[in-house]
Amino acid sequence: MSDSAVLLENVYKYYNKTPVVNALSFQVQKGEMFGLLGPNGAGKSTTIRMLTTLTIPSEGKIEVSGFDVGRQSQQVKRSIGVVLQQTSVDGDLTVWENMEYHARLHQMPAAIQRQAIGQYLEYVELTDRADAMVKTLSGGMKRRLQIARALLHQPEVLFLDEPTVGLDPQTRRRLWEIIQQLKDRGMTILLTTHYMEEAEFLCDRIGIMDAGKLIEQGTPDQLRRKHGEAVVITQQEQDGKLDFQFFPDLDQANAHVDQHRDRTGMMVRASNLEDIFVELTGRKLD
Ligand code: ADP
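Residues numbered from 1 in each chain as written. Predicted model: local features only at pLDDT ≥ 70, side-chain atom pairs only at ≥ 80, totals over all residues. Heavy atoms only, no water.

Okay, the site of the ligand next. Lining the immediate environment of the ligand, one finds Tyr15, Val20, Pro39, Asn40, Gly41, Ala42, Gly43, Lys44, Ser45 and Thr46. Within the backbone of Gly43, one N or O atom sits 2.9 Å away from an oxygen atom of the ligand. The leading source of residues in the shell around the ligand is helix H1 (residues 44-51), at three residues. Tallied by class, the residues present in the shell around the ligand amount to four nonpolar, five polar and one charged. (Near = heavy atom within 4 Å. Polar contact = N/O pair within 3.5 Å; in protein donor to acceptor, adjacent residues only side chain to side chain. Helix = DSSP H or I, 4+ residues; strand = E, 2+ residues; numbered from the N terminus. Nonpolar A, V, L, I, M, F, W, Y, C, P; charged D, E, K, R; others polar.)

The structure is reproduced here in structure tokens:
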């Protein structure tokens, strides 16, 4: 039995004969938090949809909790919790009713339903909102409800698609704490995000996708060591554009700057995931 909670081997997904997921292979170990990053259209959502049995891969092997997503989709569904952008909570039900509905879908015995619902609402700090209509909740509360609901049937792997998109910074930080606590309790988590600081803060390992392919993976530290731990940013005189140059460490970056007599528009700082992301995926604008 492997220690992989999630395994993809040479996975393809074609739409209109175009591979939007292209020879994708990676694994997520049990208890690991793995972040999938990539520009819009990279194939992240399609990958999550395949992992959560919402769409079938055209080719290749995908296993979640040791089950094949195609042949054993029921077992996969039982072993995963999913928070997707689209599948939102029902606004015309109360918080409690939403949880109950989900518990029934998962055929949880009535006796443990109440206790589990209470426990997870408390976990995401929504106990005092149990009787509120979901449509009256703020964006952050709705997201917390989605997370509580996804945890209700005690999944082994949690999938979070852009968990904090559109939330204000305070709410986002609170969600980070909740997600971090889940990891500390041993939950395996795969998340997608556009926010580099979110990936850097939460993830043990990240994979960067571009045009359907995994172009890089590793811990944030490994990626910084590989691509350079320091950057020199130079503002071009002609057009004001910023040029980023990577160096193994700050000393070497500073030495490079010191060689220039005119240092106007030059800056040295430690590199971050965003620098590496932009370096690898290019400066695309939506
Ligand atoms: P991401 O989540 O990284 O933004 P997606 O997985 O949503 O990327 O999309 C990857 C590519 O696949 C995009 O070019 C998108 O237009 C295309 N795509 C996604 N779903 C479909 C579909 N159902 N039919 C046709 N093309 C699709």
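Reading across the sheet, the four strands line up as S2-S1-S4-S5 and stay open at both edges, with antiparallel pairing between neighbours. Looking at which strands have only one partner, the edges of the open sheet turn out to be strand S2 (18-29) and strand S5 (67-68). Pairing of strand S1 (residues 4-15) with strand S4 (residues 59-64), which is carried by five bridges, proceeds in the antiparallel orientation. When the bridges of S4 are listed, Glu9 appears paired with Lys61. On the sheet, H1 packs against S1, S2 and S4 and is oriented at approximately 120 degrees with respect to S1. (Pairing = 2+ DSSP bridges. Contact = heavy atoms within 4.5 Å. Axes fitted to C-alpha atoms, helices over the stretch in contact; angles between N-to-C directions.)

Right, let's talk about the pattern of salt bridges for a bit. A side chain with one charge may pair with a side chain of the opposite charge, provided their charged atoms come close. Applying the stated criterion across every chain yields a total of twelve salt bridges. A salt bridge links Glu125 to Arg174; the nearest nitrogen and oxygen atoms lie 2.6 Å apart. Separated by 49 residues along the polypeptide, Glu125 in the loop between helix H4 (110-123) and helix H5 (139-151) and Arg174 in helix H6 (residues 169-184) bring together distant segments of the chain. One salt bridge connects Arg269 with Asp275, and the closest N-O pair in it is separated by 2.8 Å. (Salt bridge = Lys/Arg side-chain N within 4 Å of Asp/Glu carboxyl O.)

Right, let's get into the sheet that holds strand S11 (residues 230-235). As summarised here, the arrangement of the three strands in space is S12-S11-S13, forming an open sheet in which the pairing is antiparallel. The open sheet has two edge strands with one neighbour each: strand S12 (242-247) and strand S13 (266-270). Pairwise comparison of adjacent strand axes, ignoring direction, gives a mean angle of 25 degrees for this sheet. By the bridge criterion, six bridges tie S11 to S12 in an arrangement that is antiparallel. Counted as the bridge partner of Val232 is Gln245 from S12. Sheet strands touched by helix H9 (residues 250-258): S11, S12 and S13. Its angle to S13, the strand with the most contacts, is close to 175 degrees. Contacting S11, S12 and S13, helix H10 (residues 273-281) crosses the sheet at an angle of about 105 degrees to S12.

Between helix H3 (residues 95-105) and H4, the shortest axis-to-axis distance is 10 Å and the interhelical angle comes to 130 degrees. It follows that H3 is oblique to H4 by the angle criterion. Crossing hand, H3 versus H4: right-handed. Together, Val95, Trp96, Met99, Glu100, Ala103 and Arg104 of H3 and Gln113, Arg114, Ile117, Gly118, Tyr120 and Leu121 of H4 make up the contact between the two elements. (Parallel < 35°, antiparallel > 145°, perpendicular 65-115°, else oblique. Left-handed = near helix turned anticlockwise from the far one by under 90°.)

One non-glycine residue, Asn10, lies in the positive phi region at around 50 degrees. Among the structural elements, Asn10 can be located in strand S1. For Ala23, which is not a glycine, the phi torsion comes out positive at approximately 55 degrees. Locating Ala23 in the fold gives a position in strand S2. Assessed through its relative accessible area of 33%, Ala23 is described here as partly exposed. (Buried < 20%, exposed > 50% of the residue type's maximum accessible area, 1.4 Å probe, protein only.)

Function cannot be inferred from these measures alone, as they are strictly geometric.
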